[in-house]
Amino acid sequence: MKVTLKNLTKIFPSRNNKEKKNVVAVADFSFEIPDGKLIGLLGPSGCGKSTTLSLICGLQKPSSGKIFFGEDDVTNLPPENRGVGMVFQNYALYPHLTVKQNITFPLENLRGKDKLTKQEMAEKALEAAKLVQIEELMDRKPSELSGGQQQRVAIARALVKMPRVLLLDEPLSNLDARLRLATREEIRRIQQATGITTIFVTHDQEEAMSISDLIVVMKEGVLQQIGKPQEVYNDPCNLFVAKFLGTPPINVFEGEVKDKKLCIGGAPVMDADLPDALVTVGIRPEGFIVDENGAFEAGLDRVEVMGRDISVIAKHPSCETPLFRAILNGENEVEGERIRFTLKPRKVYIFDKESGCRIEVK
């Protein structure tokens, strides 16, 4: 099911009696979500991603704009009539019901031609349970399940009606690191098996990039960039996106373009066919090559060995943080108090110092 958002805006009234300033949670958001894809809605806390999900689900009404499922305008349709499945951050399972009863619950509310017999409901519940691999837990109650098992029950309950759209609101945030990794892979498997259009909200960029067909990056209710995860990582449109994506994060330096050269700390480090200006420079950790004749010089703080790679921690007076990190392959030998690098041009990004917008090098 294709989902289209057109100029979607959500404004919450101010709760401050002294300062009557409304809160714009989502601002003029327009985006088309392709049929059968998994979309990662990504951004820091308070960026409007969960509000956007609530608008799509129908739990919130937009202040303006339209929401379409396929060609159907569902903007004013109640949640129960939209054909969506929702998995909440806290799973929202009924503690007094068994796994089977929790999964079956949405089917019991069907009426008219959609009403099912008990046998049909039991069959559909078992089918959903098998999809998430919890069929042996059907007689247990939520308190008898681990966090990962509860999360699977919540997904099965959302899938049992085979919704047109599946919505996941930070469903992995309550799980430990190892379980998060396994469960996000499971979500991807389930989505591919069902072919249901899925919107996955998270503040964890690694999570979103690993399983999404497309990622949507938001900041303060405003859409920043849309694209395939690796494309957005390799080609960020602004400094916010560049800093938000990537582990370890991008290294940011004060720089200057002078005489068609990009300079950091007054030293020319690479060619840049741009007008002279003060700029902000972002360099991905993998954008450094150790070179005794390299143009970029820094003070060596320490070296961390990480299996096949080594991480060089260095300092530079133009860096916005006390230390920056370069990721090198394990074949490099690094020692001494100073280190020189050559920079990989495709891993170096130049941004406008005031707006933070990306400046393309010719």
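As a reminder, the structure under discussion sits directly above these lines.
Here's what I pulled together on the structure shown here.

Conventions and cut-offs
Think of each chain on its own: its residues are numbered from 1, step by step along the sequence as written. The model is predicted, so local features are restricted to residues of pLDDT at least 70 and side-chain atom pairs to those at 80 or more, both for listing and for counting; the totals for chains, interfaces and linings are taken over all residues. Processing note: side-chain calculations cover all non-hydrogen atoms of the structure and skip hydrogens and water entirely. Between any two strands, at least two bridges found by DSSP are needed for them to pair. Put simply, DSSP H or I for four residues or longer makes a helix, DSSP E for two residues or longer makes a strand, and each gets a number counted from the N terminus. The way it works is a 1 Å grid over only the protein atoms, where trapped points that fit a 1.4 Å probe form a cavity and open points with protein on both sides within 12 Å along at least five of seven lines form a pocket, and then any residue with an atom within 4 Å of a point lines it. Grid points are joined across faces, edges and corners, and a volume is the space filled by probe spheres set on the points. Here the term charged refers only to Asp, Glu, Lys and Arg, the term nonpolar to Ala, Val, Leu, Ile, Met, Phe, Trp, Tyr, Cys and Pro, and the term polar to all other amino acids, Gly among them. Contacts are residue-level and defined by heavy atoms, with any inter-residue pair within 4.5 Å sufficient. Each helix should span, by expectation, one fewer than its residue count multiplied by 1.5 Å. Categorising residues by exposure relies on relative accessible area from a 1.4 Å probe, with only protein chains included: less than 20% of the type maximum marks a residue as buried, more than 50% marks it as exposed, and the intermediate range marks it as partly exposed. Here the arc refers to the directions that run from the helix axis out to each C-beta atom.

### Quick word on the sheet that holds strand 5 (residues 72-73)
Turning to step 1, where the next piece is worked out: Read from one edge of the open sheet, 4 strands run 2-1-4-5, paired in antiparallel fashion. Because the sheet does not close on itself, it has two edges, and the strands there are strand 2 (23-33) and strand 5.
Turning to step 2, where the next piece is worked out: Note: strand 1 (residues 3-12) against strand 4 (residues 64-69), 5 bridges, orientation antiparallel. Across the sheet, Lys-6 pairs through a bridge with Lys-66, a residue of strand 4.

### Considering the layout of surface pockets
Turning to step 1, where the next piece is worked out: Roughly 790 Å³ of volume is contained in the largest pocket.
Turning to step 2, where the next piece is worked out: Glu-80, Val-84, Gly-85, Pro-106 and Lys-161 are, among the 28 residues lining the largest pocket, the residues nearest its centre.
Turning to step 3, where the next piece is worked out: For the lining of the largest pocket, the secondary-structure elements that each account for two or more residues are strand 6 (84-87), helix 2 (99-108) and helix 4 (147-159).
Turning to step 4, where the next piece is worked out: For the lining of the largest pocket, the per-class residue count stands at 17 nonpolar, 4 polar and 7 charged.

### Here's the deal with the environment of Gly-148
Turning to step 1, where the next piece is worked out: Note on placement: Gly-148 falls in helix 4.
Turning to step 2, where the next piece is worked out: Considering only alpha carbons, one finds Gly-148 and Met-121, 27 residues apart in sequence, at a separation of 24 Å.
Turning to step 3, where the next piece is worked out: When near neighbours in sequence (up to four residues on either side) are disregarded, Gly-148 contacts Leu-175 and Leu-179.

### Some details on helix 3 (residues 118-131)
Turning to step 1, where the next piece is worked out: The first and last C-alpha atoms of helix 3 sit 20 Å apart over 14 residues, in line with the 20 Å expected at 1.5 Å per residue.
Turning to step 2, where the next piece is worked out: By the burial criterion, the buried members of helix 3 are Met-121, Ala-125, Ala-128 and Ala-129. Angularly, the buried residues of helix 3 cover 100° about the axis, an arc narrow enough to put them on a single face. For helix 3, exposure combined with an orientation more than 90 degrees from the buried face picks out Gln-119 and Glu-127.
Turning to step 3, where the next piece is worked out: The elements touched by buried residues of helix 3 are helix 2 and helix 4.

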